[in-house]
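Understanding the architecture of this molecule
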Amino acid sequence: MNTSQVSIGNTTVVCGVKAEMCRPSLENPTKGFIVPNVELYSCCSPNFKAGPPGEKAISTSQFLSNLLDNNEVVNYEDLCIVPNKWVWCLYCDVVCLDFDGNLVDASLLSVLAALLHLSLPLVSMNPDTGSLTLSAQHIQKLAIKNRPVSTTFGIYSSEIQLLDPSASDESECGGEVVVVLLENGDVCCTNKTGRRQVSGERIRQFITTAQRRLPVLQRTLQEALDQHAMNST
Amino acid sequence: MSNRDPRRNCGPEKTTPIYVLKSPYPENNQFLQEDGKRNDKRSPLEIRKVYFGVSNISQAKGSSYVELGRTKVVCGVYGPKEIPPSNVFKSSGQVMCEVKVAPFSSFVRRSPVPDRQVKELSMQVKEALEAAIILDEYPKAQIDVFLTVVEDRGGVLGACVTAASLALCDADITMYDIVVGASTAWYNGQIYLDPSIEEEEYIATAAERQALCKGDGEVATASNGCLTVALMPLYANGQVATMVMSGSMTASQLQDGLDAALETCRKIYAIIKQVLLNRVKESDESSKAEQSE
């Protein structure tokens, strides 16, 4: 089990990764699963009502799921224990403790941080009996291929856009553009939602701004991982 | 027969936690180690380290963060807000309390859908708070208390009640007194304060284990149990808001354990008072600084 906590301004999210074992699907007998879920409880903001997940939680979960599915972050074959029989299923649950806007950036960073210091125990299967044994001594870190980092812009109007919007900004803005970049600055994914329009030129400017913000976030992430590694030795 | 929640990513239909292969508890799990200390190096009457913080949620009227050892609870209070006029008129206020447990909070991943245990926890916290809040001051109004259990390593009901009271104070809700929760356990007739989750689970299966050891139909007579109590220490010389107990023991053992738990409540109360005083001083200083600018 692994957790990470990310705060961007007041927005605070905690991500916990739980690894469980399951049968792989028939189409992909050597691929494991990563299941991200974002939980927005009524605790974190007055905007979220009690009950099943609302639009924001579902859309953020789906965004994370799409990003992780395209094989850019983790090689799903690494999650295979025994082909056709057992694979790992990583449940990444993101719980928001304080919602002050820009949930997407914080959630993605927290899932990434949790996966980066995840170690899976070695599980071996007896070929005759089919029973599994777990060796907690042999642990293997999960190989992360890329570290995608997102930057969110709120669209207030075609002239005014806000980088890293807070909750009050988001309530005024009519749309959002999310730009996801890989470590080398390549664009991994972009998403534009909402009713406001924005020009293509403006989106190019967003990508440039996101590329400038990228090293800051990566440095902070790496420092946190190094600190954790130092504390655990 | 799986309940596929259409609003969440469910993943594959059936997954097996790794604890099926290897228990999270050490092998040959004993309640006490050889030197008489508990498994986490505490003496029997020692409570875990506590931490209290307030005003941690920027969006809430009042909020708090409580750590009891590794058990972590966050609480947010919203309101009082007016109940829609369509509902039956009530001259006193109402409390709505909801506890949500994060899926990664325990050893085995919990489903995000609240189960009966979580609903019972919500009800127990609500009843403790209803005893403490002066509801007559809030006619036709509802106070919403939301709790998130980030990590559950034992004593979660006590931590939730304490967190809720702290958050209510932070939200300026009038109360008779702060409600503080604490838990005790008995094992083989001995009292142990503030049991961890491993100890709670050990005691829950203790009677069964002892009966197995004795064999040949003899009934196990050792006293094992757990108790959580929520106390308002200063109101009317100390009033118990909630008490939940399970297990079996003699009446005098129960009384001794209850006294020990109430004493723990009073100690935690002193710490909480200091935390709240510091918070008031802080906000006083920061508002003075703002005024002078």
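Our structure is the block above this text.
Residues numbered from 1 in each chain as written. Chains lettered and ligands numbered in written order. Predicted model: local features only at pLDDT ≥ 70, side-chain atom pairs only at ≥ 80, totals over all residues. Heavy atoms only, no water.

1. Here we look at the side chain of Ser45(A)
How we decide: A run of DSSP states H or I qualifies as a helix once it reaches four residues; a run of E qualifies as a strand once it reaches two. Both are numbered from the N-terminal end. Pairing of N or O atoms within 3.5 Å defines a polar contact, subject to two protein rules: one partner must be a possible hydrogen donor and the other a possible acceptor, and residues neighboring in sequence count only if both atoms are side-chain atoms. Note on contacts: a residue pair qualifies if any of its non-hydrogen atoms lie within 4.5 Å across the two residues.
Examined against the element boundaries, Ser45(A) turns out to sit in the loop between strand S3 (33-39) and helix H1 (55-69). Within the local environment of Ser45(A), its side chain forms a polar contact with the backbone nitrogen of Asn47(A), the two atoms lying 3.1 Å apart. Residues contacting Ser45(A), with those up to four places away along its chain left out, are Phe99(A), Gln59(B) and Tyr78(B).

2. A word on the pairing of strand S4 (residues 71-82) of chain B
All names here are of chain B. To be explicit about the condition: Burial classes follow relative accessibility: with a 1.4 Å probe on protein chains only, a residue under 20% of its type's maximum area counts as buried, one over 50% as exposed, and anything between as partly exposed. In this analysis, strands are considered paired if DSSP registers two or more bridges between them.
The buried count for S4 comes to nine of 12 residues, which makes it a mostly enclosed element. Of the strand pairs in this sheet, strand S3 (residues 62-68) and S4 are connected by seven bridges, and their pairing is antiparallel. Residue pairing for S4: Glu 67 is matched across the bridge by Lys 72. In this sheet, strand S6 (residues 141-151) lies alongside S4 in antiparallel orientation, the contact comprising nine bridges. In the strand pairing of S6, Lys 72 is matched with Glu 151.

3. Points about the interface of chain A and chain B
Accessible area lost on assembly of the parts is the figure often given for the size of an interface. Rules: A simple way to read buried area is as the amount of 1.4 Å-probe accessible surface that goes missing from two parts once joined, with both sides added. The term salt bridge refers to a pairing of a side-chain nitrogen on Lys or Arg with a carboxyl oxygen on Asp or Glu at a separation within 4 Å.
With 47 residues of chain A at the contact, the number on the chain B side is 36 residues. With both chains or domains summed, chain A and chain B bury close to 3,500 Å², and 62% of this area falls on carbon and sulfur atoms. Its largest share of buried area at the contact with chain B, chain A owes to Lys18(A), Tyr41(A) and Cys43(A), together 19% of the area lost on that side. Taken together, the links from chain A to chain B amount to two salt bridges.

4. A short note on the sheet that holds strand S2 (residues 50-54) of chain B
All names here are of chain B. Rules: Whenever a helix is involved, its axis is fitted only over the stretch in contact; in every case the axis is a line through C-alpha atoms, and angles between N-to-C directions fall within 0 to 180 degrees.
Pairing within the open sheet is mixed, and its five strands lie in the order S2-S3-S4-S6-S5. At either margin of the open sheet sits one strand with a lone partner, and together these are S2 and strand S5 (94-101). Put simply, the sheet's adjacent strands are angled 15° from each other on average, direction ignored. Lying on the sheet, helix H1 (residues 116-132) is in contact with S5 and S6; it crosses S5 at an angle near 145°.

5. Quick word on the sheet that holds strand S9 (residues 224-232) of chain B
Residue and element names in this part refer to chain B. Taken in spatial order, the four strands of this open sheet run S8-S7-S9-S10, and their pairing is antiparallel. What marks the edges here is a single partner per strand, and that holds for strand S8 (190-193) and strand S10 (239-248). Each strand of the sheet is rotated relative to its neighbour by a mean of 20°, with strand direction disregarded. As defined by bridge partners, strand S7 (residues 180-187) adjoins S8 across four bridges and the pair is classed as antiparallel.

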